Amino acid sequence: MRIVLALSAFFICAFIGFNKSRELKKRAEFLDEISVMLNNFSAEISFGTPELSELVDRENGGFARLVNKNFAELSDIKAAWEKACDELPKKAEETALLRELLPAISKSGSNGAVMALSLYSERFSRLYKQAYDEYTQKGGAFKQIGALCGAAAAILIM
């Protein structure tokens, strides 16, 4: 019975460490995806005047898929964008930037939208760099600490 408890404690602690590391990685990937999406928006606006719904429809990242799913339900791209922001994991900075971005690109002309997208793209790139650095610095440590805590708990139980 103690062996089962010890193994359970080890796996639970190791899982928590791996999960925390994966969260850091997913955040960095999300921010990179948003940066790419904004760069694509900027390029498309530079060569034409597509609607926001068309821009989002051409993207295949997770946030764009979420907006498209909500757009199919709501038939209002701005409401769909807001609902997608509400459904994101609660990282205040990137969610706030995405909320600010919507009026910045929808209320200005194509030149203003390109300038706004450039500004927000830079902000998201900075956030991505911070998140990636955090993942590279802490991701492995979370895995190791989880495994070490699990091993310590297993030893104490035995």
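For the structure, check the block above.
No experiment lies behind these values; they were computed from the predicted model shown. (Residues numbered from 1 in each chain as written. Predicted model: local features only at pLDDT ≥ 70, side-chain atom pairs only at ≥ 80, totals over all residues. Heavy atoms only, no water.)

Undergrad: Now, about the nonpolar core: what can you tell me, with residues and values included?
TA: In summary, soluble globular proteins display a tendency toward joint burial of nonpolar side chains. Leu38, Phe41, Leu52, Phe63, Trp81 and Leu98 are the most contacted members of the largest nonpolar core, which has 33 residues in total. The element that contributes the greatest number of residues to this core is helix α1 (residues 2–46), accounting for eight residues. (Core = buried A, V, L, I, M, F, W, Y, C linked by side-chain atoms within 4.5 Å. Buried < 20%, exposed > 50% of the residue type's maximum accessible area, 1.4 Å probe, protein only. Helix = DSSP H or I, 4+ residues; strand = E, 2+ residues; numbered from the N terminus.)

Undergrad: Give a detailed account of the layout of surface pockets, specifying residues and quantitative values.
TA: When its volume is computed, the largest pocket comes out at roughly 380 Å³. Forming the boundary of the largest pocket are 14 residues, of which Glu23, Lys26, Arg27, Phe30 and Pro89 lie nearest the centre. The element best represented in the lining of the largest pocket is α1, accounting for eight residues. Along the lines of polarity and charge, the residues of the lining of the largest pocket split into four nonpolar, no polar and 10 charged. Of the voids in this model, the second largest pocket is the one considered here, and its volume is about 250 Å³. For the second largest pocket, the lining is made up of 14 residues, of which Pro50, Glu51, Leu52, Ile105 and Ser106 are closest to its centre. Of all the secondary structure elements, the ones that give two or more residues to the lining of the second largest pocket are α2 (52–58), α4 (77–87), α5 (92–106) and α6 (110–157). Split into classes, the residues belonging to the lining of the second largest pocket amount to seven nonpolar, five polar and two charged. (1 Å grid on protein atoms, 1.4 Å probe; cavity = no way out; pocket = protein on both sides within 12 Å on 5 of 7 lines; lining within 4 Å. Points joined across faces, edges and corners; volume = space filled by probe spheres on them. Nonpolar A, V, L, I, M, F, W, Y, C, P; charged D, E, K, R; others polar.)

Everything listed here is a matter of geometry and, on its own, says nothing about what the molecule does.
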